[in-house]
Amino acid sequence: MSAAVYLDHNATTVMDPRVLDAMLPHLGQPVNPTSRHGFGRAARHAINMAREQVAVAVGAHPSQVTFTSGGTEADNLAIKGIADTHTPSQIIVSAIEHPAVLKSAQALRWNGWQVTTTGVNVDGQLDLDQLQTALKQQSALVSVMTANNETGVLQDIAAIAELTKQRGALLHTDAVQALGKIPLDFNALGLHAMSVSGHKIHGPQGIGALILDKHVDIQCLQIGGGQERGLRSGTENVAAIVGFGLACELAMRELPQQATSLTSLQIQLENGLMDLGATIFGSRAPRLPNTSFFAFSDIDGETLVMALDRQGFFVASGSACSSDSVEPSHVLLAMGVTPDLARGAVRVSLGRDNTVAQVADFLLTLRMELTRMKRMTALAV
Ligand SMILES: Cc1ncc(COP(=O)(O)O)c(C=O)c1O
């Protein structure tokens, strides 16, 4: 088998060698940014630089960046931390959120919160009428993701921000999949909180950030030494923070060129998929340039993913974050896809190292595997 072709960049990305190089010096020294001596001061300086790099990437001020252990913690901190400073009322989340948002919101029920889930249309975009109706009731917080991890569908965050502002609710967006793939502008959009993560943009795993409007009251989830202005106690992971900062800077610098080349690969891929008879979910909505989520009727997604794996193509079935589950994707069900078709779902998420030749090989292999699987099914009946 020739070298594997990685087509699962929404699950994680390989660390950029430039990022690794920037991190290494911080792993070989006793770096505690709270220390007053030279090592400590150097670490503090490195963190400040990284905070600026992250801030630039999301259109925020460095003082609005709180480092966390990743997107999951940023989502938890936003939802639970903001709720903790409010009298329980309503929290609104979209039906297609990542479990880090959905489960954080659901956990608030124990504290007397009403959790309202807003649906999406067949294209995977938030139903703004439903949101408006829900907002008639007193709501402290709304959480809608910028880009969906499964379909890549983008939400109209500007329109959602306008609606929430009119009703005096705070707006959090999970931008974990959007960072580095589309431009983000936290302050221009008037957002109150945004979650981002390092490992989706060729940075290290276990690092992310919550971007916060400075007028938002929030309660920390972990207490201790008061790091990150008291919002996230615990000795900072300096190497990971430095790596995340540089990954943000590189992603921003390379975004225009990446967006162009990924878009043309996506067109090549999806033309081929449609020739093979695939249904491409969310294809009529604005989407990330790297994500294609599709299914073929009467073909099981898990089986197809394993068949492709044997041929050296690494793709995901359903959402990679819940790949131990055989339940059809909650995102597809929310879009009105039948459970049968949803069970066939396969996600290809392209990355900067993928090529035209790889996409062509993938399509050829897919055609071969589909023919083989259909023949097996025919023999079995
Ligand atoms: C939309 C979204 N939010 C949150 C997360 C969790 O981020 P992390 O892996 O950094 O905890 C993911 C990871 O796949 C994601 O896709």
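Residues numbered from 1 in each chain as written. Predicted model: local features only at pLDDT ≥ 70, side-chain atom pairs only at ≥ 80, totals over all residues.

Undergrad: What is the right way to read the overall build of the chain from this model?
TA: Each helix and strand counted, the chain has 12 helices and 13 strands in total. Relative to the 2.2 N^0.38 estimate, which gives 21 Å for 381 residues, the radius of gyration of the chain is 21 Å and therefore close to what a compact globule would have. On the principal axes, the C-alpha backbone points of the chain span a range of 70 × 55 × 35 Å. The proportion of buried residues among the 381 residues of the chain is 48%. Put simply, 73% of the contacts in the chain that link residues at least 6 apart link residues at least 24 apart. (Helix = DSSP H or I, 4+ residues; strand = E, 2+ residues; numbered from the N terminus. Rg over C-alpha atoms; globule rule 2.2 N^0.38 Å. Buried ≥ 20, exposed ≤ 12 C-beta atoms within 10 Å, placed from the backbone. Contact = placed C-beta atoms within 7 Å.)

Undergrad: Looking at this structure, how should I read helix H12 (residues 356–380)?
TA: Along an α-helix, residues three or four positions apart point the same way, because every turn accommodates 3.6 residues. The first and last C-alpha atoms of H12 sit 36 Å apart over 25 residues, in line with the 36 Å expected at 1.5 Å per residue. Residues of H12 that are buried include every one of Val359, Phe362 and Leu366, and no others. Buried positions along H12 lie against strand E1 (5–6), helix H8 (238–275), helix H9 (301–310) and strand E11 (313–314). (Expected span 1.5 Å × (residues − 1).)

Undergrad: How do you make sense of the sheet that holds strand E3 (residues 90–94) when you look at a structure like this?
TA: The strands that make up a sheet pair up through hydrogen bonds in the backbone, lying either parallel or antiparallel. Read across the sheet, 7 strands follow the order E2-E8-E7-E6-E5-E3-E4 without closing on themselves; strand pairing throughout is mixed. The open sheet has two edge strands, strand E2 (65–68) and strand E4 (114–118), and neither has a second partner. On average, each strand axis in the sheet is inclined to that of its neighbour by 20 degrees, with strand direction left out of account. Here strand E5 (residues 139–143) runs beside strand E6 (residues 170–174); their pairing, made up of 3 bridges, is parallel. Within E6, the residue paired with serine 143 across the bridge is histidine 172. Against the sheet, helix H2 (residues 38–58) makes contact with E2, strand E7 (193–197) and strand E8 (208–212), and its axis sits at roughly 110 degrees relative to E2, the strand it touches most. (Pairing = 2+ DSSP bridges. Axes fitted to C-alpha atoms, helices over the stretch in contact; angles between N-to-C directions.)

Undergrad: What's the story with the site of the ligand in this structure? I'm lost.
TA: As a matter of local geometry, the ligand sits amid 15 residues, with Gly70, Gly71, Thr72, Asn149 and Ser197 nearest to it. Of the residues forming the shell around the ligand, the biggest block, 3 residues, is contributed by helix H3 (residues 71–83). Residues that form the shell around the ligand fall into these classes: 4 nonpolar, 9 polar and 2 charged. (Near = placed C-beta within 6 Å. Nonpolar A, V, L, I, M, F, W, Y, C, P; charged D, E, K, R; others polar.)

Undergrad: Mind showing me how you'd approach the nonpolar core here?
TA: In globular proteins that are soluble, nonpolar side chains generally tend to be buried together. Of all hydrophobic cores here, the largest spans 110 residues; its most connected members are Val54, Val58, Val196, Ile211, Ile241 and Val242. Ranked by residues supplied to this core, first place goes to H8 with 15 residues. When residues are assigned to domains, this core turns out to be shared by domain 1 (5–12 + 255–380) and domain 2 (17–250), each giving three or more. Beyond its immediate stretch of four places on either side in the chain, valine 58 contacts Leu184, Phe186, Met194, Val196 and Ile211. (Core = buried A, V, L, I, M, F, W, Y, C linked by C-beta atoms within 7 Å. Domains from an automatic or database assignment.)

Undergrad: Whenever I open this one, the sheet that holds strand E12 (residues 316–317) confuses me. Can you help?
TA: The antiparallel open sheet is built from 4 strands, whose spatial order is E9-E10-E13-E12. Two strands lie at the open edges of the sheet, namely strand E9 (279–280) and E12, each paired on one side alone. The pairing of strand E10 (residues 291–295) with strand E13 (residues 346–349) spans 4 bridges and is classified as antiparallel. By the bridge assignment for E13, phenylalanine 294 is matched with valine 346. Against the sheet, H8 makes contact with E9, E10 and E13, and its axis sits at roughly 5 degrees relative to E10, the strand it touches most.

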